[in-house]
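Here's the letter readout for the chains.
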Amino acid sequence: RWWRMAKPTRKLEASDGDDEEEGCCGGCCCPCCCCVLRFLTCRRGKRGSLGLEARRLIRLGLLARFGLIIFSFVQDAHSKVKYTDIDYEVYTDAAFHVLRGGSAFDRETYRYTPLIAYLMLPNTVVFKAFGKVLFSTADVVISIVQYKLLRGALRDADASLVLTSLGLWLFNPYTATISSRGSSDSISSLCILLMLLLLERRRHALAGFWFGVAVHIRIFPVIYALPLLVHLGRPNRSIFEEQGGNRGSLLALTREKVAFCLASGLTCAALCLACYALDGQRYLDEAILYHFGRYDLAHNFSPWFFVFRTVTHEGARKALGLAAFAPQVACWVYYGAVRRSTLPFSLFM
């Protein structure tokens with residue numbers, strides 16, 4: 001109560017008469033358990049208001065994921081086709097090595113930041129599904145961040161549009177199964193969503209921190225740097241305003257751009273140095289350099305996996321690798337700096 005008195009709040013308009021204020025669980029950008037529980041249990045607003053309906057959806061999405069986690073024990077015990085992701089077993093084994101005083105990279109095929117192994121330590125001492133609960137909870141926290149972003153972007157829109165957008169994430173079988181099977185993708189995705197929320201609130205240094213964490217956990221978010229630099233060239237605009245098509249925004253040097261770049265660079269560098277202090281060259285070889293030269297022959301989500309599986313000549317493989325990379329570079333430049341679009345759309349493409 002004293003915090004709400006000290007921090008000015010503004011009412012969020014909604015077409016259905018919702019009287020929820022941003023000060024109610026809206027000023028915090030930290031994905032801690034207390035904030036999540038406070039959001040889910042907050043009952044401010046009129047009956048049937050947008051806030052209460054969103055919380056019902058989020059609670060159902062959380063229960064659905066917990067139900068899938070319980071189902072995973074049944075399928076793993078009675079089916080040859082396991083529900084649990086093989087990467088989850090790798091995380092757990094790596095955590096076991098860490099618990100015994102070894103390195104996460106003592107587990108063969110562990111190609112991730114050691115932080116994931118440390119997060120999975122409760123898997124070996126509490127219960128084996130702890131990581132699934134953690135990743136599923138992060139997946140639901142993503143929906144809470146989405147709700148906060150949508151309330152700002154769709155102020156005058158029909159409330160059903162906000163709820164539909166939430167439902168597309170919460171009840172999407174693709175996202176629900178990824179997190180409940182034990183994939184850590186939701187952690188890096190949550191970092192990116194927190195970055196967007198903080199950019200919208202003009203807290204550029206803290207946004208840079210979460211971007212640095214996301215890049216450390218998984219290298220691929222570094223490709224978002226181009227549209228981010230374009231956006232930060234005119235930092236006073238909303239992330240939902242169109243950008244791009246202006247080289248000046250990309251090259252402009254602003255205080256907000258400097259703060260974001262310094263925060264993200266220092267955060268990523270500090271985390272990498274900490275991991276290097278733990279595991280030395282093995283960390284660089286397995287978690288970073290490995291991903292620049294690997295051939296992913298078993299990843300059937302990639303349209304190139306079968307081509308690389310059948311072509312064995314090393315020179316032909318390198319040529320095919322460049323051919324696969326060229327369209328991605330073209331899309332990166334076009335959607336990142338040339339085409340006029342909102343920042344979330346540019347990152348998505």
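Everything here concerns the structure above.
Student: Whenever I open this one, helix H14 (residues 255-279) confuses me. Can you help?
Tutor: Along an α-helix, residues three or four positions apart point the same way, because every turn accommodates 3.6 residues. A rise of 1.5 Å per residue sets the reference length of H14, with its 25 residues, at 36 Å; its end C-alpha atoms lie 36 Å apart and thus fit the reference within 8%. Along H14, the residues that are buried comprise Glu 256, Lys 257, Phe 260, Ala 263, Ser 264, Thr 267, Cys 268, Cys 275 and Asp 279. Residue Gly 280 follows H14 closely and has a positive phi angle near 65 degrees.

Student: Help me out: how do you make sense of the environment of Arg 181 in this one?
Tutor: Structurally, the position occupied by Arg 181 is in the loop between helix H9 (173-180) and helix H10 (185-200). Ignoring sequence-local partners within four residues, the contact set of Arg 181 consists of Tyr 83, Thr 84, Asp 85, Tyr 88 and Lys 132.

Student: Teacher, can you tell me more about the packing of helix H12 (residues 225-232) against H14 here?
Tutor: A pair of packed helices can be characterised by two numbers: the angle between their axes and the separation between those axes. Between H12 and H14, the shortest axis-to-axis distance is 9 Å and the interhelical angle comes to 150 degrees. The angle between the axes of H12 and H14 places the two elements in the roughly antiparallel class. When H12 is examined against H14, the residues Leu 228, Leu 229 and Leu 232 are found in contact with a partner set consisting of Glu 256, Lys 257, Phe 260 and Cys 261. Grouping the amino acids of the contact of H12 with H14 by side-chain chemistry returns 5 nonpolar, no polar and 2 charged.

Student: Help me out: how do you make sense of the nonpolar core in this one?
Tutor: Nonpolar side chains tend to gather and get buried jointly when the protein is soluble and globular. Residues Tyr 110, Met 195 and Leu 199 are the most contacted members of the largest nonpolar core, which totals 48 residues. Among the elements that take part in this core, H10 stands out by supplying 11 residues, more than any other. By size, the runner-up hydrophobic cluster in this structure holds 13 residues, among which are Ala 54, Ile 58, Leu 150 and Leu 166.

Student: Before we go on, may I ask you to explain the packing of aromatic side chains in this structure?
Tutor: Each aromatic ring pair is specified by the distance between its two centres and by the angle formed by the two planes. Evaluation of the coordinates by the stated rule reveals 12 aromatic pairs. A ring pair is formed by Tyr 91 and Phe 135, whose centres lie 6.2 Å apart and whose planes are at 75 degrees; its orientation type is edge-to-face. Remark: Phe 135 occurs in helix H7 (residues 130-153) and Tyr 91 occurs in helix H4 (residues 86-99); sequence separation between them is 44 residues. The class of Tyr 91 is buried, set by a relative accessible area of 2%. Between Phe 127 and Phe 130 the ring centres are 6.5 Å apart and the planes differ by 90 degrees, which places this aromatic pair in the edge-to-face class. Aromatic rings pair up to connect Tyr 91, Phe 105, Tyr 110, Tyr 112, Phe 135 and Tyr 283 into one cluster. For the cation-ring pair, Lys 132 lies above Phe 73, with the distance from its terminal atom to the ring centre recorded as 5.7 Å.

Student: I keep staring at unusual backbone geometry and nothing clicks. Help me out?
Tutor: Leaving glycine out, the prevailing phi sign among residues is negative, and the prevailing peptide bond configuration is trans. In the Ramachandran plot, Thr 109 falls in the positive-phi region, its phi being about 70 degrees despite a non-glycine side chain. Among the secondary structure elements, Thr 109 is positioned in the loop between H4 and helix H5 (114-119). Positive phi is not limited to glycine here, since Arg 202 has a value of about 65 degrees. Mapped onto the secondary structure, Arg 202 falls in the loop between H10 and helix H11 (204-217).

Student: Help me out: how do you make sense of the pattern of salt bridges in this one?
Tutor: Pairing between side chains of opposite charge can happen when the charged atoms of each approach one another. As enumerated under the stated definition, the model contains 8 salt bridges in all. For the salt bridge of Lys 128 with Glu 89, the shortest nitrogen-to-oxygen distance reads 3.5 Å. Linking Lys 128 in the loop between helix H6 (121-125) and H7 with Glu 89 in helix H4, this pair joins segments that are 39 residues apart in sequence. Take Glu 89: its relative accessible area is 26%, and that puts it in the partly exposed class. With a shortest N-O distance of 2.1 Å, Arg 111 and Glu 286 are connected by a salt bridge. Taken together, the residues span a long stretch of sequence, with Arg 111 in the loop between H4 and H5 and Glu 286 in helix H15 (residues 281-293) at a distance of 175 residues. Judged by relative accessible area, which is 22%, Arg 111 ranks as partly exposed.

Student: When you look at the packing of helix H3 (residues 50-78) against H9 in this model, what are you seeing that I'm missing?
Tutor: Look at H3 against H9: their axes get within 9 Å of each other, and the N-to-C directions meet at 55 degrees. Compared by their axis directions, H3 and H9 come out oblique. Note that H3 runs across H9; the crossing there is right-handed. Here Arg 65, Leu 68 and Ile 69 of H3 come into contact with H9, specifically with Thr 175, Ala 176, Thr 177, Ser 179 and Ser 180. For the contact of H3 with H9, a count of residues per class yields 3 nonpolar, 4 polar and 1 charged.

Student: What's the story with the side chain of Lys 257 in this structure? I'm lost.
Tutor: With respect to the helices and strands, Lys 257 occurs in helix H14. Within the buried core, Lys 257 has no salt-bridge partner, and the shortest N-O distance to an opposite charge, that of Glu 256, equals 9.4 Å. Beyond its immediate stretch of four places on either side in the chain, Lys 257 contacts Leu 229, Leu 232, Gly 233, Ser 249, Leu 250, Leu 251 and Ala 252.

Student: Which parts of the structure should I look at to understand the environment of Lys 82?
Tutor: Structurally, the position occupied by Lys 82 is in the loop between H3 and H4. Judged by relative accessible area, Lys 82 falls into the partly exposed class, the value being 45%. For Lys 82 and Arg 181, which are 99 residues apart along the polypeptide, the C-alpha to C-alpha distance reads 9.4 Å. For Lys 82, the residues in contact, after removing those within four places along its chain, are Gln 75 and Asp 76. A polar side-chain atom of Lys 82 sits 3.2 Å from the main-chain carbonyl oxygen of Ser 79.

Criteria and cut-off values
- Residues numbered from 1 in each chain as written.
- Predicted model: local features only at pLDDT ≥ 70, side-chain atom pairs only at ≥ 80, totals over all residues.
- Heavy atoms only, no water.
- Helix = DSSP H or I, 4+ residues; strand = E, 2+ residues; numbered from the N terminus.
- Expected span 1.5 Å × (residues − 1).
- Buried < 20%, exposed > 50% of the residue type's maximum accessible area, 1.4 Å probe, protein only.
- Contact = heavy atoms within 4.5 Å.
- Axes fitted to C-alpha atoms, helices over the stretch in contact; angles between N-to-C directions.
- Parallel < 35°, antiparallel > 145°, perpendicular 65-115°, else oblique.
- Nonpolar A, V, L, I, M, F, W, Y, C, P; charged D, E, K, R; others polar.
- Core = buried A, V, L, I, M, F, W, Y, C linked by side-chain atoms within 4.5 Å.
- Phe/Tyr/Trp six-rings, centres within 6.5 Å; stacked < 30°, edge-to-face > 60°.
- Lys NZ or Arg CZ within 6 Å of the ring centre and 35° of its normal.
- Salt bridge = Lys/Arg side-chain N within 4 Å of Asp/Glu carboxyl O.
- Left-handed = near helix turned anticlockwise from the far one by under 90°.
- Lys, Arg positive; Asp, Glu negative; His and termini not counted.
- Polar contact = N/O pair within 3.5 Å; in protein donor to acceptor, adjacent residues only side chain to side chain.

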